[in-house]
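Structural description and commentary
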Amino acid sequence: MVEGFDSFTFSHDGEAREVYRRGTGPGVVVMHEVPGITPEVARFGRRVADEGFTASLPHLFGTPGKPLSIPYALAGIVHCCVSREFHVLAERGSSPITDWLRALCREAHRQCGGPGVGAIGMCMTGNFALALMVDEALLAPVLSQPSLPFVLTRAKRAAIHLSDADLAVVKQRAQAGCPVLGLRFTADPMVPAERFATLRRELGDAFEAIEIDSSPGNPHGIPRTAHSVVTKDLVDEAGHPTRAALERVLSFFAERLRPAAG
């Protein structure tokens, strides 16, 4: 259970999962990070809903509402590594679970109306918003600390976890006017600079990057271990770069899903 959210079961192609929903207005699918829908992820979902959107949080792994801890996070990583639905080392292919997530986006659009839906992925799901762009229902893709594939080789540092065929569609959509927003901390070893360089090269001006300084001695005292931009490592104070990143995500959704208000 996630406090403050209703829930329903969404099924596609024989796979049924619980989805937690809150709010009214255009749909935004919030794909949680490892280890699951933590209180910080739920807080972000509530913030999205409070901005006038219908936030849908699919339960992908973990225990909804359970607080973050190191053992819990490690267990989540192990689960994704052995799961058939997550291909954590794939450089040029999306995880199979993105098929189900695309269907959820279409359902959110059907139920919520509007010009389309938004989606944000975080950490293990960070790249998924790119794969969801194959469907035209997705108008506002956000990649927050996209961590797949795991950084084990030089090629994987620059890879974006997307097949060549899907990348071709994503590039066409980007060129036609669908922008992509990406967030990372500069010292985060799970999201190297090479990955954002690939996105810039492939998407050009359609890729908007927010890279928050977490190098030693940075002016805001952000630790080198910072990883989760809009959840665990968010400092919700005026003037802090993570607060500015959060506000940009929300304004991005407004610009794309409520054009008259953008």
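What comes next is a walk through the structure. (Residues numbered from 1 in each chain as written. Predicted model: local features only at pLDDT ≥ 70, side-chain atom pairs only at ≥ 80, totals over all residues. Heavy atoms only, no water.)

The terminal C-alpha atoms of helix 6 (residues 164-175), which comprises twelve residues, lie 16 Å apart, in line with the 16 Å expected from a rise of 1.5 Å per residue. Of all the residues in helix 6, the buried ones are Asp166, Leu167, Val170, Arg173 and Ala174. For helix 6, the angular spread of buried residues about the axis comes to 125°, placing them on one side. The outward face of helix 6, more than 90 degrees from its buried face, is lined by the exposed residues Ala165, Gln172 and Gln175. Count one or two residues on from helix 6 and you reach Gly177, which has phi positive near 115°. (Helix = DSSP H or I, 4+ residues; strand = E, 2+ residues; numbered from the N terminus. Expected span 1.5 Å × (residues − 1). Buried < 20%, exposed > 50% of the residue type's maximum accessible area, 1.4 Å probe, protein only. Arc of directions from axis to C-beta.)

Attention now moves to the nonpolar core. Judged by nonpolar contacts, the single largest core of 46 residues is most densely connected at Met31, Leu101, Met124, Leu130, Leu199 and Leu203. A per-element tally of this core places helix 3 (residues 97-112) first, with seven residues. Those residues in contact with Leu199 that sit more than four places away from it in its chain are Leu130, Leu143, Ile160, Gly204 and Phe207. Core analysis: the next-biggest nonpolar cluster, separate from the first, contains 37 residues, Val48, Leu57, Leu250 and Phe253 among them. (Core = buried A, V, L, I, M, F, W, Y, C linked by side-chain atoms within 4.5 Å. Contact = heavy atoms within 4.5 Å.)

A separate point is the packing of aromatic side chains. Per the counting criterion, the structure on display carries five aromatic pairs. Look at Phe61 and Phe86: their rings are 5.5 Å apart centre to centre, the planes differ by 70°, and that puts the pair in the edge-to-face class. Here the residue Phe61 occupies a position in the loop between strand 4 (54-58) and helix 2 (70-82), and Phe86 occupies one in the loop between helix 2 and helix 3, the gap between them amounting to 25 residues. Comparing Phe61 with Phe86 shows no difference in burial state: the two are buried. Ring pairing ties together the aromatic residues Phe61, Phe86 and Phe128, which thus form one cluster. Against the face of Trp100 rests Arg17, its NZ or CZ located 5.9 Å from the ring centre. Across the ring face of Tyr72, the terminal group of Lys66 is positioned such that the distance to the ring centre comes to 4.4 Å. (Phe/Tyr/Trp six-rings, centres within 6.5 Å; stacked < 30°, edge-to-face > 60°. Lys NZ or Arg CZ within 6 Å of the ring centre and 35° of its normal.)

Attention shifts here to the pattern of salt bridges. Scanning the model with the defined rule gives 19 salt bridges in all. Residues Arg17 and Glu85 are paired through a salt bridge, measuring 2.3 Å at the closest nitrogen-oxygen approach. Here Arg17 is found in strand 2 (residues 15-22), whereas its partner Glu85 is found in the loop between helix 2 and helix 3, with 68 residues between them in sequence. The exposure class assigned to Arg17 is buried, which follows from its relative accessible area of 10%. Here the salt bridges do not stand alone but share partners, grouping Arg47, Asp236, Arg243 and Glu247 into one network. (Salt bridge = Lys/Arg side-chain N within 4 Å of Asp/Glu carboxyl O.)

Before going further, it helps to examine a nonpolar patch on the surface. On the surface, Ile70, Leu74 and Ile77 cluster together into a nonpolar patch covering about 290 Å² of accessible area. Tracing the chain through its elements places Ile70 in helix 2. (Patch = residues over 30% accessible without salt bridge, like charges linked within 9 Å, V, L, I, M, F, W, Y side chains within 5 Å. Areas by Shrake-Rupley, 256 points an atom, 1.4 Å probe, with all protein chains shown as cover.)

Looking now at the side chain of Arg248. Looking at where Arg248 falls in the secondary structure, it is placed in helix 8 (residues 241-257). Judged by relative accessible area, which is 18%, Arg248 ranks as buried. At 2.9 Å, the side chain of Arg248 forms a polar contact with the side chain of Glu255. Apart from residues lying up to four places away in sequence, Arg248 is in contact with Leu181, Glu208, Ile210 and Glu255. (Polar contact = N/O pair within 3.5 Å; in protein donor to acceptor, adjacent residues only side chain to side chain.)

Purely geometric numbers; function is a separate question.
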